[in-house]
Amino acid sequence: MNYDCAIVGGGPAGLNAALVLGRAKRSVALFDNSQPRNGVTHASHGFITRDGVQPAEFRRIAYEEVLSYPSVRHWQAEVTDVQKTDDGFALRTSSGERVQARKLILAAGLREVLPEIEGIREFYGKSLFNCPFCDGWELRDQPLAIVSDNPDVFHKVKLFLNWSQDLVVCTNGRDILTAEQRQQLASRGVRVVDTPVAAFSGLDGLLERVIFTDGTHIERSGGFITPTLLPHARFDEALGYETAEDGGIVTDVMGRSTAAGVYAAGDSSYVMPSQLIYAAASGSKAAVAVVADLTEENWKSVIIQEGNSAI
């Protein structure tokens, strides 16, 4: 079967795109390898009516809604290859299945590469996070560590001060702050530690202290880190769409990439802030763009056929 649209990725962006397309009576092939980026998260926040929802429960509800539309089909598989064809796109999965689609929405999102610090995986998603808008409320007014070797940490600290005034910045051995920035942080009571971080310590996922390579430590009950974000799936060489320096797919406001018939939504286009509600909204916009473009193509096709018949 040649589907109207194939969606690579079953997160909030891909699922919302499938919902909108299903309601538009478009045939949809939805591919999801069940490896969500927020799998370690105990609860997601900032989405009205779903504040505090567990990611697994969010996906369960979403799939129940999306698959109630008969034109949407779900493959629990990874898409390993995508090629442009005369009629659209040919997708191949890890199990060897091949699917044809006229349009393609890339919504596989990002994967996180955590800093190589002992114990980080024990606390990540429980008392160490990366987004204050997602998890800052749960850490409000606590003594926090901001561990980052990225130069944008100074601007992030300004944000973090909205949730807690007790902050320690750990640069992990990198010289990323100017003298003026350090002076401004000190004036706000923010301490900076340049010694590399050796380990995180605590019990049951609850952080208690940050230990440095010189043997010293600081008592902290939570904090924020800066993981490296990489595209979960890349098909730019095969499809020819433009990517930004950070790896995100360049799109217009409706999610159209620079390659005809290819759209991107959610973290694949580096929608920021990286939150459920933004991702879902971008999926909805990409689906609307797909429906609009298919409608125009079908309309022109009918006009051409009618013209040929008249001749």
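The following refers to the structure shown. Source: prediction; values computed, not measured.

Rules used in this analysis
- Residues numbered from 1 in each chain as written.
- Predicted model: local features only at pLDDT ≥ 70, side-chain atom pairs only at ≥ 80, totals over all residues.
- Heavy atoms only, no water.
- Helix = DSSP H or I, 4+ residues; strand = E, 2+ residues; numbered from the N terminus.
- Buried < 20%, exposed > 50% of the residue type's maximum accessible area, 1.4 Å probe, protein only.
- Polar contact = N/O pair within 3.5 Å; in protein donor to acceptor, adjacent residues only side chain to side chain.
- Contact = heavy atoms within 4.5 Å.
- 1 Å grid on protein atoms, 1.4 Å probe; cavity = no way out; pocket = protein on both sides within 12 Å on 5 of 7 lines; lining within 4 Å.
- Points joined across faces, edges and corners; volume = space filled by probe spheres on them.
- Nonpolar A, V, L, I, M, F, W, Y, C, P; charged D, E, K, R; others polar.
- Salt bridge = Lys/Arg side-chain N within 4 Å of Asp/Glu carboxyl O.
- Phe/Tyr/Trp six-rings, centres within 6.5 Å; stacked < 30°, edge-to-face > 60°.
- Pairing = 2+ DSSP bridges.
- Axes fitted to C-alpha atoms, helices over the stretch in contact; angles between N-to-C directions.

### Notes on the side chain of His45
Point 1. With respect to the helices and strands, His45 occurs in the loop between β2 (28-31) and α2 (55-66).
Point 2. A relative accessible area of 16% means that His45 is categorised as buried.
Point 3. A distance of 3.5 Å separates the side chain of His45 from the backbone nitrogen of Gly52, its partner in a polar contact.
Point 4. At a separation of 3.5 Å, a polar atom in the side chain of His45 contacts the side chain of Glu138.
Point 5. Those residues in contact with His45 that sit more than four places away from it in its chain are Asp51, Gly52, Cys134, Asp135, Glu138 and Gln275.

### Overview of the layout of surface pockets
Point 1. Taken as a whole, the largest pocket spans an internal volume of roughly 650 Å³.
Point 2. By residue number, the principal contributor to the lining of the largest pocket is helix α5 (residues 153-160), which donates three residues.
Point 3. For the lining of the largest pocket, a count of residues per class yields 15 nonpolar, seven polar and five charged.

### Quick word on the pattern of salt bridges
Point 1. Scanning the model with the defined rule gives 15 salt bridges in all.
Point 2. When the shortest N-O distance is used, the salt bridge between Arg220 and Asp166 registers 3.1 Å. Placement of Arg220 in the loop between β14 (217-219) and β15 (222-225) and of Asp166 in the loop between α5 and β10 (167-170) is noted, with a sequence separation of 54 residues between them.
Point 3. The salt bridge partner of Glu208 is Arg209, with a shortest N-O separation of 3.6 Å.

### Things to note about empty space enclosed by the protein
The rolling of a water-molecule-sized probe over the atoms marks out the regions of remaining empty space.
Point 1. Tallying each qualifying case throughout the model produces two cavities of 30 Å³ or more.
Point 2. Of the volumes computed, that of the second largest cavity is approximately 80 Å³.
Point 3. Forming the walls of the second largest cavity are 14 residues, and the residues nearest its centre are Pro231, Ala233, Tyr241, Ile249 and Ser268.
Point 4. Residues that form the lining of the second largest cavity fall into these classes: nine nonpolar, four polar and one charged.

### Let's talk about the packing of aromatic side chains
The description of an aromatic ring pair uses the distance of the two centres, along with the angle that the planes make with each other.
Point 1. As enumerated under the stated definition, the model contains five aromatic pairs in all.
Point 2. Measuring from ring centre to ring centre gives 5.4 Å for Phe133 and Trp163, while their planes differ by 85°; the resulting arrangement is edge-to-face. Placement of the pair is Phe133 in helix α4 (residues 132-135) and Trp163 in the loop between α5 and β10, with a sequence separation of 30 residues.
Point 3. Its relative accessible area of 44% is what places Phe133 among the partly exposed residues.
Point 4. Relative to Phe224, the ring of Phe160 has its centre 4.8 Å away and its plane inclined at 15°; by these criteria the two rings are stacked. Separated by 64 residues along the polypeptide, Phe160 in helix α5 and Phe224 in strand β15 bring together distant segments of the chain.
Point 5. Residue classification places Phe160 among the buried residues on the basis of a relative accessible area of 6%.
Point 6. Overall, Phe224 belongs to the buried group, its relative accessible area being 3%.

### A look at the sheet that holds strand β9 (residues 144-147)
Point 1. Within the open sheet, the five strands sit side by side as β8-β15-β9-β10-β11. Their pairing is parallel. Where the open sheet ends on each side, the last strands, each with one partner, are β8 (128-129) and β11 (191-193).
Point 2. The pairing of β10 with β11 spans three bridges and is parallel. From the neighbouring strand, Val169 faces β11, where its bridge partner is Val192.
Point 3. This element, α5, spans β9, β10 and β15 of the sheet and lies at about 165° to β10.

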